[in-house]
Amino acid sequence: MENTYRKFLIWGIVQGVGFRPFTAKLAARQGICGAVCNAGGRVEIVAGGSAASLDAFAAALRTEKPLPAEIVHLAQEPLTEAEARAALEEMLGGAGAPGAMRGFVI
């Protein structure tokens, strides 16, 4: 089975409502790996897994979100493996100063 990679951008009431921990649990359940972070009023997710698991993950983000969360818009874009690695490195602080971690691993 070949991995595919996607970036998810989610706008709405998604900060301060437990959305990142929810995302991590959902990703683990779907067999997805990657990272999630808050970014300027939205949540960004870089995820890798089978196409089917990423489709199920996207659907569950909307239908299983924590009760206080509201998703106004969810965008997805495909990534190459190299783009996903670069995005993960940036999210997890590898491209910045030590301790500059913006997200956490899912």
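Structure shown above.
In this report, we go over the structure that sits alongside the text. Treat the numbers as computed from the prediction; the structure is a model and nothing was measured. (Residues numbered from 1 in each chain as written. Predicted model: local features only at pLDDT ≥ 70, side-chain atom pairs only at ≥ 80, totals over all residues. Heavy atoms only, no water.)

1. What about the side chain of Glu44?
By the element assignment, Glu44 lies in strand 3 (residues 42–49). There is a polar contact of 2.7 Å between the side chain of Glu44 and the side chain of Arg42. (Helix = DSSP H or I, 4+ residues; strand = E, 2+ residues; numbered from the N terminus. Polar contact = N/O pair within 3.5 Å; in protein donor to acceptor, adjacent residues only side chain to side chain.)

2. Some points on the side chain of Thr23
Here Thr23 shows up in helix 1 (residues 19–30). Apart from residues lying up to four places away in sequence, Thr23 is in contact with Val36, Ile45, Phe57, Leu61 and Ile106. (Contact = heavy atoms within 4.5 Å.)

3. Regarding the nonpolar core
Generally speaking, a soluble globular protein has its nonpolar side chains buried in company with each other. Counting 23 residues, the largest nonpolar core has Phe8, Ile10, Phe19, Val43, Ile45, Phe57 and Leu61 as the members making the most contacts within it. At the level of secondary structure, the elements contributing two or more residues to this core comprise strand 1 (4–13), helix 1, strand 3, helix 2 (51–63) and strand 4 (70–79). If we skip the residues at most four places from it in the chain, Ile45 touches Arg6, Lys7, Phe8, Ile10, Thr23, Ala35, Val36, Phe57, Leu61 and Ile106. Core analysis: the second largest hydrophobic core is formed by eight residues, Tyr5, Val46, Leu79 and Met91 among them. (Core = buried A, V, L, I, M, F, W, Y, C linked by side-chain atoms within 4.5 Å. Buried < 20%, exposed > 50% of the residue type's maximum accessible area, 1.4 Å probe, protein only.)

4. So, the pairing of strand 1
As judged from the eight bridges shared by strand 1 and strand 3, these two strands associate in the antiparallel manner. Looking at strand 3, one finds that Arg6 is bridged to Ala47. With nine bridges connecting them, strand 1 and strand 4 associate as antiparallel partners. Bridge pairing links Lys7 to Glu77 in strand 4. (Pairing = 2+ DSSP bridges.)

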